[in-house]
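# Summary of the model geometry
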Amino acid sequence: MISVQNISKTFKLYRKPSERLKEILFRQCRHKKFDAVKDLSFMVPSGKTLGLIGENGAGKSTVLKLLTGVLIPDTGTVHISGKITGLLELGTGFNHEFSGIDNIIHNATYLGLSRPEINRKLDQIIAFTELGDFIHEPLKTYSSGMIMRLAFSVAIHAEPQAFVVDEALSVGDAYFQQKCMQKIREFKAGGGSIVFVSHDMNAVKVLCDEAILLDHGTAIAYGEPETIINAYNRHIARRSISDDDVRAGPSLNGYGSRQVLIESVTLKDEHQNETKILISGKPADIVITLKGQASMEDLTLGIVIRDRFGQDVYGTNSHYLKKKINVQQGRTMDIVYSFDQFNLGPGKYSITAAIHTGASHVDQCVHWVDGCAVFETVLGDEPFFAGLIRLTPKLHVNGG
């Protein structure tokens, strides 16, 4: 279990190193205070995962350093039931002149393992890294992905009760990332507590039981991952428009500057009938009705389809499809995403739609609506398949 109560951390920022000396000699304040973390509290029970999300500089990495003892909080308390390990900055605690094996021994010692314990686990750690003969080479010859393999393997095999993961995991290749995720799930199933920091919102949704949205060191939202990720998107939208404009539109619950509104989102089947049930593999349309509160040119309309777990299954927008959208004040218009084959697997889904400028809503969010339509995909008379995506293979049996 991880328990954090009212922790704060403030750094002194100096324009140049000499200012620090002048402050000591002349007893004059020559620094600015930077509050990296302010009065933060949370608890991660055994077998649970907490996600920390937020923009760069929000305080996520500082929180992890406070948890692992790299930094000491100015106020508040951190309580960990047992040993805590994890991945912070890539290669923290490693010596790049030493070989992989030497770094395993030294790093495991720092994490509190005795030499007999290290000897007992050494083969397991090496095998998990899959570094082959590179394990005998100095770390300075390693790529960032290879260093991540080594760091993760040592940390997860140190038998911690709590584990923290920063963005360092993202430098690995897809295969090893999947291997790490599986190991993290096993650790969680065994009763371990995890704090997970990532800009990969799907990973947060999949791994985390709860999440915190941080802004300038302060928790501004705390709850279920999908709710907090939606709050994060809304928080980003605030940067491009005034607070008064970040409010719901009259037709659908959403937020944005509201110069153009998403009036409705409907689905049509292959016969152009409105429906909430689509047949996998058949044609389908997603029809989005817009209304101009003001005239705007060169807008972008995007959609994201999410499954019942809130994971993004598919997303695109008119910017990437090279279609310009111009809306006139007082007029309504329909934008249609037409699919010749709607190849989603059986299940329940929701649609998020957004009007903005540029490639993403970071530039200017006009109207963003989460869950503006829900639907279900079912199988028709095509062969049965499992999963999220319907593929159409041809089976060849050679010989016999």
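The following paragraphs examine the structure supplied in this document. (Residues numbered from 1 in each chain as written. Predicted model: local features only at pLDDT ≥ 70, side-chain atom pairs only at ≥ 80, totals over all residues. Heavy atoms only, no water.)

## Considerations on the sheet that holds strand 8 (residues 210-215)
- With mixed pairing, the 6 strands of this open sheet are ordered in space as 5-6-7-3-8-9. Looking at which strands have only one partner, the edges of the open sheet turn out to be strand 5 (84-87) and strand 9 (218-223). This sheet shows a mean twist of 20° between the axes of neighbouring strands, independent of strand direction.
- Sheet topology places strand 8 next to strand 9; 5 bridges connect them, and they run antiparallel. The residue bridging leucine 213 from the neighbouring strand is alanine 221, located in strand 9. (Pairing = 2+ DSSP bridges. Helix = DSSP H or I, 4+ residues; strand = E, 2+ residues; numbered from the N terminus. Axes fitted to C-alpha atoms, helices over the stretch in contact; angles between N-to-C directions.)

## Points about the packing of helix 4 (residues 115-129) against helix 6 (residues 174-189)
- Running from N to C, helix 4 and helix 6 cross one another at 135°; their axes reach a closest spacing of 11 Å. As far as their axial angle goes, helix 6 and helix 4 are oblique. Residues Ala127, Phe128 and Thr129 of helix 4 form the contact with helix 6, whose participating residues are Phe176, Lys179 and Lys183.
- Partitioned by chemical class, the residues of the contact of helix 4 with helix 6 number 3 nonpolar, 1 polar and 2 charged. (Parallel < 35°, antiparallel > 145°, perpendicular 65-115°, else oblique. Contact = heavy atoms within 4.5 Å. Nonpolar A, V, L, I, M, F, W, Y, C, P; charged D, E, K, R; others polar.)

## Some thoughts on the packing of helix 4 against helix 5 (residues 144-156)
- Closest axis-to-axis distance for the helix 4/helix 5 pair is 9 Å, and the angle between their directions is 145°. Crossing geometry of helix 4 relative to helix 5 is assigned as right-handed. Residue-level contacts link Ile125, Phe128 and Thr129 of helix 4 to Arg149, Leu150, Phe152, Ser153 and Val154 of helix 5.
- Considering only residue class, the contact of helix 4 with helix 5 consists of 5 nonpolar, 2 polar and 1 charged. (Left-handed = near helix turned anticlockwise from the far one by under 90°.)

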